[in-house]
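Structural description and commentary
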Amino acid sequence: MDKTKKLIENYLINQNVNNAISKGENYLFVNQKNQKLSRWGISYIINKYVELAKQNPQFTVPFPVTPHVFRHSKSMHLLQSGINLIYIRDFLGHCDCSTTEIYARGDTEMKRKAIEEAYSDILPSKDLPIWGDDTNLMKFLNSICKK
C-alpha cells in the first residue's frame, strides 16, 4: 500500500485543487468538469482500458471487467493475506459478516490449503504415480466411457 499512497500523494500535488475549498472537501478523482467521478465515469474508464488490453492476444479475461471485479479482487487478496473477515467486512462497508463470507466460500485454493494442513499426516510422503502411464487402467477407464 506504500506505493499506492505515494501515487495518490503525487496525484494530489499535481492536481489543480480548488483553494477556496478545504482539502478534505475536494473529491479525490474528478471528471473533466471537476465534479466527482460517477459510477458511470469509472465504468467508462475501465472499459476504455479493457478494450485497449484486448488488443493484446495474451489478455484472456472471459468475463466483463466492472468496478465490482476490482472490489471483489481486493477482497479476495485481503482474505488470502490472512486478514480477518471482520476487517474485510468493515473495509467493504458490509453490515453483516455473512455477506462478507461469500468471498471466503469462493476461494477453492484456500480451502485446499486448509484441508491439506488439517490432514497433512494422511497425504502421501512420496510423489503420486502418473496414472496416464498405467495402460491397463487407461484401457479400463476408456472402456467404461464408451457408449
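Residues numbered from 1 in each chain as written. Predicted model: local features only at pLDDT ≥ 70, side-chain atom pairs only at ≥ 80, totals over all residues. Heavy atoms only, no water.

**Quick word on the overall build of the protein**
The number of helices and strands found in the protein is 7 helices and 0 strands. Starting at the N terminus, the α and β elements of the protein follow one another as α-α-α-α-α-α-α. A sequence separation of at least 24 residues applies to 22% of the contacts in the protein between residues at least 6 apart. Taken as a whole, the protein presents about 13,000 Å² of accessible surface, with 57% of it coming from carbon and sulfur. (Helix = DSSP H or I, 4+ residues; strand = E, 2+ residues; numbered from the N terminus. Contact = heavy atoms within 4.5 Å. Areas by Shrake-Rupley, 256 points an atom, 1.4 Å probe, with all protein chains shown as cover.)

**Let's talk about the layout of surface pockets**
Within this model, the largest pocket holds a volume of roughly 340 Å³. Around the largest pocket sit Thr4, Leu7, Ile8, Phe29, Leu37, Ile42, Ile46, Pro67 and Phe70, which together line it. Counting only elements with at least two residues in the lining of the largest pocket, the list comes to α1 (2-14), α2 (39-53) and α3 (67-80). Here the element with the most residues in the lining of the largest pocket is α1; it accounts for 3 residues. (1 Å grid on protein atoms, 1.4 Å probe; cavity = no way out; pocket = protein on both sides within 12 Å on 5 of 7 lines; lining within 4 Å. Points joined across faces, edges and corners; volume = space filled by probe spheres on them.)

**Observations concerning the nonpolar core**
As a rule of thumb, nonpolar side chains are buried together in soluble globular proteins. Counting residues in hydrophobic clusters, the biggest one holds 6 residues: Met76, Leu78, Leu79, Ile88, Leu92 and Tyr103. The set of elements that each furnish at least two residues to this core consists of α3 and α4 (85-92). The biggest single contributor to this core is α3, with 3 residues. The contact partners of Tyr103, leaving out residues within four places of it in the chain, are His68, Arg71, His72, Ser75, Met76, Leu79, Leu92 and His94. (Core = buried A, V, L, I, M, F, W, Y, C linked by side-chain atoms within 4.5 Å. Buried < 20%, exposed > 50% of the residue type's maximum accessible area, 1.4 Å probe, protein only.)

**Some words on the packing of aromatic side chains**
As enumerated under the stated definition, the model contains 2 aromatic pairs in all. Their ring planes at 20 degrees and their centres at 5.6 Å tell us that Trp40 and Tyr44 sit as a pair that is stacked. Of this pair, Trp40 and Tyr44 both sit in helix α2, 4 residues apart, roughly one helical turn. (Phe/Tyr/Trp six-rings, centres within 6.5 Å; stacked < 30°, edge-to-face > 60°.)

**Side note on the environment of Asn26**
Mapping Asn26 onto the fold places it in the loop between α1 and α2. Considering only alpha carbons, one finds Asn26 and Lys36, 10 residues apart in sequence, at a separation of 8.7 Å.

**Notes on unusual backbone geometry**
In this model, Asn34 sits at a positive phi of 60 degrees, which is unusual for a non-glycine residue. Summarising the element assignment, Asn34 is placed in the loop between α1 and α2.

**Observations regarding a nonpolar patch on the surface**
Taken together, the side chains of Trp40, Tyr44, Ile45, Tyr49 and Leu52 make up a nonpolar region of the molecular surface, amounting to roughly 610 Å² of accessible area. Of the residues examined, Trp40 reaches a relative accessible area of 64% and is grouped as exposed. (Patch = residues over 30% accessible without salt bridge, like charges linked within 9 Å, V, L, I, M, F, W, Y side chains within 5 Å. Salt bridge = Lys/Arg side-chain N within 4 Å of Asp/Glu carboxyl O.)

**Brief notes about the pattern of salt bridges**
Opposite charge on two side chains permits them to pair, given that their charged atoms come into close proximity. Tallied over the entire structure, the rule returns 3 salt bridges. Where Lys5 meets Glu9, a salt bridge forms, and the shortest distance between an N and an O atom there is 4.0 Å. Of the two residues, Lys5 and Glu9 are both situated in helix α1; the distance of 4 residues between them amounts to about one turn of the helix. The exposure class assigned to Glu9 is partly exposed, which follows from its relative accessible area of 35%. For Lys54, the salt bridge goes to Glu51, with nearest N and O atoms at 3.3 Å.

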